[in-house]
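# Summary of the model geometry
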Amino acid sequence: VQLVESGGGLVQAGGSLRLSCAASGRTFSRYTMGWFRQAPGKEREFVAGISRSGGSTYYADSVKGRFTISRDNAKATAYLQMNSLKPEDTAVYYCAADRHEIPTPRSSWYLYDYWGQGTQVTVSS
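Residues numbered from 1 in each chain as written. Predicted model: local features only at pLDDT ≥ 70, side-chain atom pairs only at ≥ 80, totals over all residues. Heavy atoms only, no water.

## Focus on the layout of surface pockets
Rule in force here: Points on a 1 Å grid, built from protein atoms alone, make a cavity when a 1.4 Å probe fits but cannot get out and make a pocket when they are open with protein on both sides within 12 Å along at least 5 of 7 lines; residues with an atom within 4 Å of a point are the lining residues. Grid points are joined across faces, edges and corners, and a volume is the space filled by probe spheres set on the points. Side-chain classes are defined by residue name, with Ala, Val, Leu, Ile, Met, Phe, Trp, Tyr, Cys and Pro counting as nonpolar, Asp, Glu, Lys and Arg as charged, and the others, Gly among them, as polar.
Of the pockets and cavities examined, the largest pocket occupies roughly 180 Å³. What lines the largest pocket is a set of 13 residues, and nearest its centre among them are Arg 37, Ala 39, Lys 42, Glu 45 and Glu 88. Residues of the lining of the largest pocket, tallied by class, amount to two nonpolar, three polar and eight charged.

Dropping the structure here:
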């Protein structure tokens, strides 16, 4: 599956952005989807994940209550709605697909099989 992120940009603290991850190549509904981010000099970290049906979601504590992950299997697209953004949310954001049949999303980046190229999110103070 090929993944392409979009929607990143520059926003002031307290603002919102919506990231999209468009998939092609295989049946999108077969994949658990995750969003990760990587800031300069830091390791890639889990942000949010969503099960194949969309019925189960999982968030990092740092974004819980501010970010919402969703998916539209008919459009083969996953989304990350980011509200109340903070300067510490600045990073390159990646979407990833996990092909394994699992009930809930996993938070370890090395367990995901396919990755997009990333989209930059910059939050100014």
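Now that the structure is up, let's keep going.
## A look at the sheet that holds strand β8 (residues 77-82)
What counts, and what does not: Criterion used throughout: strands pair if DSSP finds at least two bridges between them. The numbering of helices and of strands both runs from the N terminus, where a helix is a DSSP run of H or I of at least 4 residues and a strand a run of E of at least 2. Interaxial angle, 0 to 180 degrees, is taken between N-to-C directions of lines fitted to C-alpha atoms, where a helix line uses only the stretch in contact.
Strands sit in the order β1-β3-β8-β7 across an open sheet of four strands; the sheet is antiparallel. Strands with a single pairing partner mark the edges of an open sheet, and in this sheet they are β1 (2-6) and β7 (67-72). Averaged over neighbouring strand pairs, the angle between their axes works out to 15° when direction is ignored. The sheet contact formed by strand β3 (residues 17-24) and β8 spans six bridges and is antiparallel. From the neighbouring strand, Cys 21 faces β8, where its bridge partner is Ala 78.

## A word on the pattern of salt bridges
Applicable threshold: Criterion for a salt bridge: a side-chain nitrogen of Lys or Arg within 4 Å of a carboxyl oxygen of Asp or Glu. Buried means the residue's accessible area, taken with a 1.4 Å probe over protein chains only, is under 20% of the maximum for its type, while exposed means over 50%, and partly exposed covers the values in between.
What the rule picks out here adds up to six salt bridges. A salt bridge links Glu 45 to Arg 37; its shortest N-O distance comes to 2.6 Å. Judged by its relative accessible area of 35%, Glu 45 is partly exposed. Among the ionic contacts, a cluster of salt bridges with common partners joins Arg 37, Glu 45, Arg 66 and Asp 89.

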